[in-house]
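# Observations on chain architecture
Okay, here's what each chain looks like letter by letter:
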Amino acid sequence: MQFTFDAPTVIRMKRDGGTLPDAAIDWVIDAYTHGRVADEQMSALLMAIFLRGMTPAEIAQWTAAMVNSGERLDFTDLRRGGKPLALVDKHSTGGVGDKITIPLVPVVMACGGAVPQAAGRGLGHTGGTLDKLESIPGFTAEISKSQIRQQLCDLGAAIFAAGELAPADRKIYALRDITATTESLPLIASSVMSKKIAEGTRALVLDTKVGSGAFLKTEKESRELARTMVELGTSHGLTTSALLTDMSTPLGRAVGNLVEVTESMDVLAGGGPSDVVELTLALAAEMLDAAGIDGVDPAQTLRDGSAMDRFRALVAAQGGNLSQPLRLRTSVETITAPRNGTMGDIDAMAVGLAVWRLGAGRSVPGERVQSGAGLLIHRRPGEPVSAGQALFTLSTETPERFEAAIAELDGAWSVGDAAPPARPLIIDRITSGD
């Protein structure tokens, strides 16, 4: 029997707690992609999914429908040195100060991997890799399929906007950003995996965040998300694993767009914050294992400069200019310590929202983000603090934003007499069947 669907019926079905049939999911994704379902209607459906959830079967069908909404890239014919490329990618579920893709991709390149990185823009309080890289003068992520293929063969990576990959997700992603429907396990899992399945990688490592700065706050929810994504990847033929990592405190000392690129380059130069280095190397090891590459030390690529060389080559290939210092004209405000003591915990969500208020994120689809909007953390949890010492530096191109940004930080940090309890950065590893 041929069923005919309409948007109100599908919305009502999910609103009332029902399970969407496969045919209804296929219809609504196709209809929204081609403009037959309005943004207002999809917003209502996304909120219904946010509130009512989805079954594993619904998530799998929603993901498959988004994959099928556009093309799938295929790099299986590509060779380097007469051998198939060791294709592998990584995706983070979103965090604050999470610039890991920027140093990680060059490290994997320098170790012999090939990374087809379909990256995203900022979503809610979390930054986007494309927004960060586009703060480099001239850099573009809008590159052709032929250029992606050429860069994978010649350099070992391409970082690109999804384009025609999962176009349904591109539209839904932008809508989630402005309708308070980002923190939904089904929508996160299907968004991540539809792009990654379509981009043509053979192996995938997921960095699934846990804590206040993550979309899902509890370890239980994040584990469920990781398992869901691993099983989705595995069912589509990708070698898939996930690391659960802490996102209670921002990663590193820089949060924003250009400031995160600068900090990433510090890591590539052999320095940088210890937590950023630790996570970069852990994910690199996981990616190399998934790609079947052994006998190489990712840390050596940071020590000998080979990862930095690959980063510069990648940026240049995509039009970026790193020959000049990365500086922008911005206004600056500083928050100082009220007393001597030890820096306490810093709430990652509050920092992410503060940076969003400064202009690093969007409040309407397609809004220009500020490359110079950001925040520097001068004292991380557990570090000694002196009265009057700078704790945070905020920057923006529009000074009228400072008041709202500083208000977001109210109560989000403290200076005490003792260091807060230490938390492991890497909590667990999840593979298919766990």
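Please read these numbers as outputs of a predicted model, since none were measured by experiment.

## Let's talk about the packing of aromatic side chains
Scanning the entire structure with this criterion turns up two aromatic pairs. Pairing F5 with W27 gives two aromatic rings, centres 6.5 Å apart and planes at 40°, and the pair type is tilted. On the criterion of sequence distance, the pair formed by F5 in the segment before α1 (7-15) and W27 in helix α2 (residues 22-33) is long-range, its members being 22 residues apart. We classify F5 as buried; its relative accessible area is 15%. A cation over a ring is seen here: K171 above Y32, with NZ or CZ 4.2 Å from the ring centre.

## Things to note about the domain arrangement of the chain
Taken domain by domain, the chain comprises domain 1 (7-53), domain 2 (79-323) and domain 3 (331-416). Of note, the centres of domain 2 and domain 3, computed from C-alpha atoms alone, are 25 Å apart. Residue-level contacts link 27 residues of domain 2 with 27 residues of domain 3. Summed over both partners, the interface of domain 2 with domain 3 comes to about 2,000 Å²; 55% of that surface belongs to carbon and sulfur atoms. Contact with domain 3 buries surface across domain 2, with H125, R253 and V255 losing the most and accounting together for 30% of the total. If you look at where domain 2 meets domain 3, you find two salt bridges. When the shortest N-O distance is used, the salt bridge between R253 and E383 registers 2.5 Å. Run the count over domain 2 and domain 3 and you get 12 residue pairs in polar contact (both at pLDDT 80 or more).

## Description of unusual backbone geometry
Positive phi outside glycine occurs at A166, with the angle close to 45°. Assignment of secondary structure puts A166 in the loop between β5 (157-161) and α8 (167-178). The class for A166 is buried, based on a relative accessible area of 1%. The phi dihedral of A180 falls on the positive side, at around 60°, and the residue is not glycine. Within the element layout of this structure, A180 appears in the loop between α8 and α9 (185-198).

## Quick look at the pattern of salt bridges
Pairing between side chains becomes possible if they bear opposite charge and their charged atoms approach one another. All told, the structure shown has 23 salt bridges when counted by the stated rule. For the salt bridge of K209 with D98, the shortest nitrogen-to-oxygen distance reads 3.9 Å. Separated by 111 residues along the polypeptide, K209 in strand β6 (residues 203-210) and D98 in the loop between β3 (89-92) and α5 (101-110) bring together distant segments of the chain. Looking at K209, the relative accessible area reads 1%, which means it is buried. Judged by its relative accessible area of 9%, D98 is buried. In this structure, the salt-bridge partner of D275 is R380, at a minimum N-O distance of 3.2 Å. With D275 in helix α12 (residues 274-290) and R380 in the loop between β11 (374-377) and β12 (384-385), this pair connects stretches of sequence that are 105 residues apart. Under the relative-accessibility criterion, D275 is labelled buried at 11%.

Conventions we followed
Residues numbered from 1 in each chain as written. Predicted model: local features only at pLDDT ≥ 70, side-chain atom pairs only at ≥ 80, totals over all residues. Heavy atoms only, no water. Phe/Tyr/Trp six-rings, centres within 6.5 Å; stacked < 30°, edge-to-face > 60°. Helix = DSSP H or I, 4+ residues; strand = E, 2+ residues; numbered from the N terminus. Buried < 20%, exposed > 50% of the residue type's maximum accessible area, 1.4 Å probe, protein only. Lys NZ or Arg CZ within 6 Å of the ring centre and 35° of its normal. Domains from an automatic or database assignment. Contact = heavy atoms within 4.5 Å. Buried area = accessible area lost by both parts, 1.4 Å probe. Salt bridge = Lys/Arg side-chain N within 4 Å of Asp/Glu carboxyl O. Polar contact = N/O pair within 3.5 Å; in protein donor to acceptor, adjacent residues only side chain to side chain.

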